[in-house]
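Below are the chains, spelled out letter by letter.
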Amino acid sequence: MVHKLPTGSSSSFYLHLYQIVDDSSSDQIISWSKSNNNSFVVWDLKKLRSDILLKSSSVLGRNVTEFIAKLRSHGFKTFVKGPGELEFSHDDFARSPLMKKMMVKALSERIEKFDAQIKAMKCRLKAKKATLKVENLFQNLRI
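Since we're looking at a predicted model, the values are computed, not measured.

Student: So, the overall build of the chain: which residues are in play, and what are the values?
Tutor: If you tally the helices and strands in the chain, you get four helices and four strands. When the elements of the chain are put in sequence order from the N terminus, they spell out α-β-β-α-α-β-β-α. When each of the 143 residues of the chain is scored for burial, the buried share is 33%. Excluding contacts between residues fewer than 6 apart, the proportion of contacts in the chain whose partners are at least 24 apart in sequence is 55%. A total accessible area of about 9700 Å² is found for the chain, and carbon and sulfur atoms account for 58% of it.

Student: Quick rundown of the side chain of serine 39? Include the residues and the values.
Tutor: Along the chain, serine 39 falls in strand S2 (residues 39–42). Only 2.6 Å separates the side chain of serine 39 from the side chain of glutamate 87, close enough to count as a polar contact. Contact partners of serine 39, with chain neighbours within four places excluded, come to Trp32, Ser33, Glu87, Phe88, Ser89 and Phe93.

Student: So, the nonpolar core: which residues are in play, and what are the values?
Tutor: Membership of the largest hydrophobic core comes to 23 residues, with the highest contact counts inside it found for Leu17, Ile30, Phe40, Leu48, Phe67, Phe76 and Phe88. Elements with a contribution of two residues or more to this core: helix H1 (9–22), strand S1 (30–32), S2, helix H2 (45–53), helix H3 (64–73) and strand S4 (85–89). With six residues, H1 is the largest single contributor of residues to this core. Not counting residues up to four positions away in its chain, the partners in contact with phenylalanine 67 are Leu17, Ile30, Phe40, Val42, Leu48, Leu53, Leu60, Gly61 and Phe88.

Student: Give me the pattern of salt bridges: which residues, what numbers.
Tutor: Tallying each qualifying case throughout the model produces one salt bridge. Where glutamate 87 meets lysine 81, a salt bridge forms, and the shortest distance between an N and an O atom there is 3.5 Å. Since its relative accessible area comes to 41%, lysine 81 is described here as partly exposed.

The rules we used
- Residues numbered from 1 in each chain as written.
- Predicted model: local features only at pLDDT ≥ 70, side-chain atom pairs only at ≥ 80, totals over all residues.
- Heavy atoms only, no water.
- Helix = DSSP H or I, 4+ residues; strand = E, 2+ residues; numbered from the N terminus.
- Buried < 20%, exposed > 50% of the residue type's maximum accessible area, 1.4 Å probe, protein only.
- Contact = heavy atoms within 4.5 Å.
- Areas by Shrake-Rupley, 256 points an atom, 1.4 Å probe, with all protein chains shown as cover.
- Polar contact = N/O pair within 3.5 Å; in protein donor to acceptor, adjacent residues only side chain to side chain.
- Core = buried A, V, L, I, M, F, W, Y, C linked by side-chain atoms within 4.5 Å.
- Salt bridge = Lys/Arg side-chain N within 4 Å of Asp/Glu carboxyl O.

Take a look at the structure:
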């Protein structure tokens, strides 16, 4: 199967979700499914809200209801695993070395784009300062 990283505003959602699911330090709360490479399990809904959703960006949602709604709107299927446990599956969201490389590449590209935006803003600011300095010099000459 060829995995494609979604583009546009939804890519941010997938990137954040992948980082959280792939983070082994949160495996007691959320982790990849042991039986399916295209799904992950939320083991503790309460801790998901308090330890992950409230501390991460609002891209994933601020509460469990929002989180589940966003997953569904991005094509994830929900399965009840046990009391307080849910499994979410998506054909194009997978635990694999290729997917991990794609996520790293996407994050790197976002960082590069952000760095370029900062550099452009610094150039505009420098030009604006120079313009103001020249205008100030001209005003001082009129005296």
